[in-house]
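# Topology and contacts: notes
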Amino acid sequence: MSKIIIPKGYHPQLNLIETEVAIKMIKDTFERRLAEQLRLTRVSAPLFLLKNTGLNDNLNGVEKPVSFTSFELNHDDEIEIIHSLAKWKRDALHRYGFERHTGLYTDMNAIRKDEELDNIHSMYVDQWDWEMVIAKEDRTMDYLKAIVSKIYNALLDVEFLMIRHYPQLGESILPDEIYFITSQELEDKYPNLTPKQRERAITKEKKAVCLLQIGDLLKSGHKHDNRAPDYDDWKLNADILIYNTQLDDALEISSMGIRVDDQALKEQLEKANANERLTLPYHQNIINHILPLSIGGGIGQSRLCMFFLRKAHIGEVQASLWDEETMRLCEENQIHLL
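Let us look at the structure shown here. As the structure is a computational prediction, the values presented were derived from the model and not from experiment.

Moving on, we get to empty space enclosed by the protein. Applying the stated rule across the entire model yields two cavities of 30 Å³ or more. The volume enclosed by the largest cavity comes to roughly 40 Å³. Lining the largest cavity are Asp216, Asp233, Trp234, Lys235, Ala264, Glu267, Gln268 and Lys271. Listed by contribution, the elements that provide at least two residues to the lining of the largest cavity are β9 (232–244) and α6 (262–271). The leading source of residues in the lining of the largest cavity is α6, at four residues. In terms of residue class, the lining of the largest cavity is built from two nonpolar, one polar and five charged.

What follows covers unusual backbone geometry. Of note, the phi angle at lysine 207 is positive, near 75°, even though the residue is not glycine. Secondary-structure assignment places lysine 207 in the loop between α5 (195–206) and β8 (208–212). Using a relative accessible area of 27% as the deciding quantity, one classes lysine 207 as partly exposed. Its identity is not glycine, yet histidine 289 carries a phi of approximately 60°, on the positive side. Residue class for histidine 289 comes out exposed when judged on its relative accessible area of 57%.

Calculation rules
- Residues numbered from 1 in each chain as written.
- Predicted model: local features only at pLDDT ≥ 70, side-chain atom pairs only at ≥ 80, totals over all residues.
- Heavy atoms only, no water.
- 1 Å grid on protein atoms, 1.4 Å probe; cavity = no way out; pocket = protein on both sides within 12 Å on 5 of 7 lines; lining within 4 Å.
- Points joined across faces, edges and corners; volume = space filled by probe spheres on them.
- Helix = DSSP H or I, 4+ residues; strand = E, 2+ residues; numbered from the N terminus.
- Nonpolar A, V, L, I, M, F, W, Y, C, P; charged D, E, K, R; others polar.
- Buried < 20%, exposed > 50% of the residue type's maximum accessible area, 1.4 Å probe, protein only.

Shape is all these values report; function is a separate question.
Set out below in structure tokens:
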């Protein structure tokens, strides 16, 4: 059974039809603002990839993708439903021939069958995946922060629009600027809390936080969180967290970062005991400097809609599958699942 939190006294501010109209408004507006801020072009994305290309995102390295074979292809060719397009996008930048400081975005729909379901997690994942070509001199913390700020500006635009159209949503939550902090600084600030408790504490205080440098070991000998070793540079990546008032918790709406160059790829694969991946075509294309240097990320569509519409459960803004107990609790507590 999925885990579910029922906020005390919760009631939705919009009915089902209003919610569907508002979802369209959020998605259209944010997509347009994101493309304008980062000079991105929308492209079509695959739903599945061949396993042996190494292009599918393996997330934390333990989740298993849904897979199948096709009688039209070689029966030894395993096909995987995507987890995300982190690697595919960088390859697409090369194939499309994007120039420096331009890039692509796409609607990504995925199935994550091993996801632990709760108020913000679903087996169905919908996000904007984006990727942009950069130069070697752009591989800095300052450049990463500048890109995060541009994305945050798009969030501010959407929140203003939604409150203007639906004043019943209440006052704005997002501050004028996002707060930057590294995972080590966060551990130093809250040494006695777990990583998720730290995220909640800092996000409740600042309302919008960019957590930097995730994936490597901290001074405590533990990681803040796991990150795949072969797409983000652990020294130059980030999560964008905003404060969910309904759940009184941090809501991660984006994981992003400057992507690995050949040196960072080798170092991180060594740390992850995953050197066997170096033989895969994607990894060889990084080592041989065929793929461009890039920055990119994913931005959760349903999570953004949850936040802007002040919803308590992700099933209120997307159609997915839930166990019977979750559906019963939602029905009894005015949480209207789509």
